[in-house]
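# What the coordinates show
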Amino acid sequence: MDNEQQRPRFMTVAEVAELVRVSTMTVYRLIKAGDLPAVRFGKSYRIDEADVDAYLADRYTRAV
């Protein structure tokens, strides 16, 4: 594996909100509740793309 594949990709709150089609406030609530891990840089948050994938996979339900 090269370095690009090993390095985490951090997303902004707005990018996560757009990806999962929710408001930015919903993403902030998930972070504050501890449901979505995030790193704080100054006044902004960054979320690892792998954590977003894990959050979605954990909450995935299959329609019957």
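So, here's what we can say about the structure. (Residues numbered from 1 in each chain as written. Predicted model: local features only at pLDDT ≥ 70, side-chain atom pairs only at ≥ 80, totals over all residues. Heavy atoms only, no water.)

Each strand in a sheet pairs with another by means of backbone hydrogen bonds, the pair being arranged parallel or else antiparallel. Sheet architecture is open: three strands sit in the order β1-β3-β2, paired in antiparallel fashion. One side of each edge strand has no neighbouring strand; the edge strands of this open sheet are β1 (10-12) and β2 (39-41). Between one strand and the next, the sheet's axes are offset by a mean angle of 40°, whatever the strand orientation. In the packing of helix α4 (residues 49-58) onto the sheet, contacts are made with β1 and β3 (44-48), and the angle to β3 comes to roughly 70°. (Pairing = 2+ DSSP bridges. Helix = DSSP H or I, 4+ residues; strand = E, 2+ residues; numbered from the N terminus. Axes fitted to C-alpha atoms, helices over the stretch in contact; angles between N-to-C directions. Contact = heavy atoms within 4.5 Å.)

Before going further, it helps to spend a moment on the environment of Thr-26. Examined against the element boundaries, Thr-26 turns out to sit in helix α3 (residues 24-33). Each C-alpha atom of the pair Thr-26 and Val-13 lies 9.5 Å from the other, and the pair is 13 residues apart in sequence. In this structure the side chain of Thr-26 is engaged in a polar contact, spanning 3.1 Å, whose partner is the side chain of Ser-23. (Polar contact = N/O pair within 3.5 Å; in protein donor to acceptor, adjacent residues only side chain to side chain.)

Inspection of the secondary structure puts Asp-48 in strand β3. For Asp-48, the side chain forms a polar contact with the main-chain nitrogen of Ala-50, separated by 3.0 Å. With residues up to four places along the chain from it excluded, the contact list for Asp-48 reads Pro-8, Arg-9 and Phe-10.

All right, on to the pattern of salt bridges then. Between side chains of opposite charge, pairing is possible as soon as their charged atoms come close. According to the stated counting rule, one finds two salt bridges in the structure shown. Between Arg-59 and Asp-58 there is a salt bridge, with the nearest N and O atoms lying 3.0 Å from each other. Note on Arg-59: relative accessible area 40%, which makes it partly exposed. (Salt bridge = Lys/Arg side-chain N within 4 Å of Asp/Glu carboxyl O. Buried < 20%, exposed > 50% of the residue type's maximum accessible area, 1.4 Å probe, protein only.)

Bridge analysis of β1 against β3 gives three bridges, and the strand direction is antiparallel. Each residue of the ladder has a partner; that of Phe-10, found in β3, is Asp-48. Here three bridges tie β2 to β3, and the two strands are oriented antiparallel to one another. Pairing of Arg-40 across the sheet is with Tyr-45, part of β3. Here β2 hands over to β3 after two residues, with Gly-42 in that stretch at a positive phi of 65°.

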